[in-house]
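# A look at the structure
Residue-level listing of the chains:
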Amino acid sequence: MLTKILIVDDEKLILEEASESLISEGYECFIASSVDAAVEIVKDNPEIQLILTDLRMPQKTGADLIKIIETKYGKRIKFVIMSGHASGKIDNNGTDLDSYPFLRKPLDVDALIATIDSEF
């Protein structure tokens, strides 16, 4: 069975680059451009095992997504955070961001693949 990953970012180019790279490595990918869309995808696809999320997005953040998913589904879904900004220790919603792997944007495809592979 393929490992299923959800990629969440408000930048279309990041969604395309990350999904193409991970699909070529044998992962099955879903994409969402907002937190609300991501929550719906997880609800409809409970077999998703990892979410790669941008930290800063309009309306709701990647930290908001982590809090929503972990509240609804527990810790069974892994998270990897990506951002073009420095990693913060604690987001304003209380999420400890240091407890999740972090990738700097623009994405380094090799680092992306190595980080995702290390989670499985």
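Keep in mind it's a predicted model, so treat the numbers as computed, not measured.

### A short note on the packing of aromatic side chains
Remark: the centre distance and the inter-plane angle together describe each pair of aromatic rings, the angle taken between the planes. Counted by the stated rule, this structure contains two aromatic pairs. On the numbers, 6.2 Å between centres and 45° between planes, the contact of Tyr27 with Phe120 is tilted. Highlighted residues: Tyr27 in the loop between helix H1 (12-24) and strand E2 (28-32) and Phe120 in the segment after helix H4 (109-118), separated in sequence by 93 residues. Residue Phe120 is classed as partly exposed on the basis of its relative accessible area, which comes to 42%. Here the aromatic rings of Phe79 and Tyr100 are separated by 6.0 Å at their centres, their planes lie at 85°, and the arrangement is edge-to-face. Taken together, the positions of Phe79 in strand E4 (residues 78-83) and Tyr100 in the loop between E4 and strand E5 (102-104) put the pair 21 residues apart, joining distant regions of the chain. In this structure, Lys78 packs its charged tip against the face of Phe120, placed 5.0 Å from the ring centre.

### Structural notes on the pattern of salt bridges
Using the criterion set out here, one finds eight salt bridges in the structure. Residues Lys105 and Glu11 are paired through a salt bridge, measuring 3.0 Å at the closest nitrogen-oxygen approach. Of this pair, Lys105 sits in the loop between E5 and H4 while Glu11 sits in the loop between strand E1 (4-8) and H1, and the two are 94 residues apart along the sequence. The salt bridge partner of Asp54 is Lys105, with a shortest N-O separation of 3.2 Å.

Calculation rules
- Residues numbered from 1 in each chain as written.
- Predicted model: local features only at pLDDT ≥ 70, side-chain atom pairs only at ≥ 80, totals over all residues.
- Heavy atoms only, no water.
- Phe/Tyr/Trp six-rings, centres within 6.5 Å; stacked < 30°, edge-to-face > 60°.
- Helix = DSSP H or I, 4+ residues; strand = E, 2+ residues; numbered from the N terminus.
- Buried < 20%, exposed > 50% of the residue type's maximum accessible area, 1.4 Å probe, protein only.
- Lys NZ or Arg CZ within 6 Å of the ring centre and 35° of its normal.
- Salt bridge = Lys/Arg side-chain N within 4 Å of Asp/Glu carboxyl O.

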